[in-house]
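The lines below spell out each chain.
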Amino acid sequence: IPETIHVLELAQSLGLGGLERMVYSLARDLNERPGFEVLVATYDHQKGEPSLGAQFEEAGIPLVQWQKKTGFSVRSIIRLIQIIFSKDTRVVHVHDLGPLIYGSIAKYLSFGRVRLIATLHTMLDIERNERYRNYYKFFLRFPDRIIAVSEGIHSGLLALGVSPERIDVIPNGAAFSLLPVLARTLSEKQTLRKQLI
């Protein structure tokens, strides 16, 4: 067992959404734990768009970002494999369909070098789009472990035919403020808005 486990958090982008904040929270926590080294990679980085990138940098979390062209990107697969081998990556963690697809292919082409962990936060895209449902059914074969953030998602995964032995339920853990924003002063609200931007 290696002394340090190198983890790659793979996300589509680092926009200002809840999923991106979850990636930040997980990466920050892993980065502070002894025995882990984390790297965050995104393949849909639009320069000039609002991003959480500065928060990752402030927390000392290394970032690799690039902008792929529209559609499926073979170059992104090659880049992921290069990262996996050059950074001695042992775990790839994904949270969404696009990263699941890229992570699955990279795992396959790295000949078992990495374990793939997929966390599902919602089933809405699966329920609304038959094509996405088929993609999930196929690519959920690749992760070594699948994390469901609620019992509802766990049930949805079982309905997709995922083996229950491969699923762990870990309730969605997001850090929330103790006081609602409404109870804050104007200057505190302005400070929080600046942090979001």
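Cut-offs used in this document
Residues numbered from 1 in each chain as written. Predicted model: local features only at pLDDT ≥ 70, side-chain atom pairs only at ≥ 80, totals over all residues. Heavy atoms only, no water. Helix = DSSP H or I, 4+ residues; strand = E, 2+ residues; numbered from the N terminus. Polar contact = N/O pair within 3.5 Å; in protein donor to acceptor, adjacent residues only side chain to side chain. Phe/Tyr/Trp six-rings, centres within 6.5 Å; stacked < 30°, edge-to-face > 60°. Buried < 20%, exposed > 50% of the residue type's maximum accessible area, 1.4 Å probe, protein only. Axes fitted to C-alpha atoms, helices over the stretch in contact; angles between N-to-C directions. Left-handed = near helix turned anticlockwise from the far one by under 90°. Contact = heavy atoms within 4.5 Å. Nonpolar A, V, L, I, M, F, W, Y, C, P; charged D, E, K, R; others polar. Core = buried A, V, L, I, M, F, W, Y, C linked by side-chain atoms within 4.5 Å.

Q: Which residues make up the side chain of D125, and what are the values?
A: Turning to its location among the elements, D125 is positioned in helix α5 (residues 124-128). Within polar-contact distance, the side chain of D125 engages the side chain of Y136 at 3.2 Å.

Q: So what's going on with the packing of aromatic side chains? Which residues, and what values?
A: Under the criterion given, the structure shown has 6 aromatic pairs. Considering the side-chain rings of Y24 and F56, the 5.1 Å spacing of their centres and the 75° angle between planes classify their relative orientation as edge-to-face. One end of the pair, Y24, is in helix α1 (residues 18-32); the other, F56, is in helix α2 (residues 53-58), with 32 residues separating them in the sequence. The residues Y24 and F56 share a single accessibility class, namely buried. One aromatic cluster in this structure is built from Y43, F72 and Y102.

Q: Which residues make up unusual backbone geometry, and what values do they have?
A: The backbone phi angle of D88 is positive, close to 55°, even though this residue is not glycine. Judged by its relative accessible area of 28%, D88 is partly exposed.

Q: Account for the packing of helix α4 (residues 97-109) against helix α6 (residues 130-139), naming residues and giving values.
A: Taken N-terminus to C-terminus, the directions of α4 and α6 make an angle of 35°; their axes are 10 Å apart at the nearest point. Between α4 and α6 the crossing geometry is left-handed. Residue-level inspection shows L97, L100, I101, S104 and I105 of α4 in contact with α6, the latter providing Y132, Y135, Y136 and F139. Of the residues that constitute the contact of α4 with α6, the class distribution is 8 nonpolar, 1 polar and no charged.

Q: Talk me through the environment of H95; I want residue IDs and the actual numbers.
A: As for its placement among the helices and strands, H95 is situated in the loop between β4 (89-94) and α4. For H95 and R145, which are 50 residues apart along the polypeptide, the C-alpha to C-alpha distance reads 12 Å. Not counting chain neighbours up to four residues away, the residues in contact with H95 comprise E9, L10, L19, V23, L26, T119 and H121. Polar contacts involving the side chain of H95 include one to the side chain of H121, which spans 3.0 Å.

Q: A description of the nonpolar core should follow, citing residues and the corresponding values.
A: Counting residues in hydrophobic clusters, the biggest one holds 36 residues, and the most contacted among them are L10, V92, L100, Y136, L140 and L157. Beyond its immediate sequence surroundings of up to four residues, L140 is in contact with L100, L120, I146, L157, L160, V162 and R166. Counting 15 residues, the second-largest nonpolar core is a separate cluster that includes V40, L52, I61 and I147.

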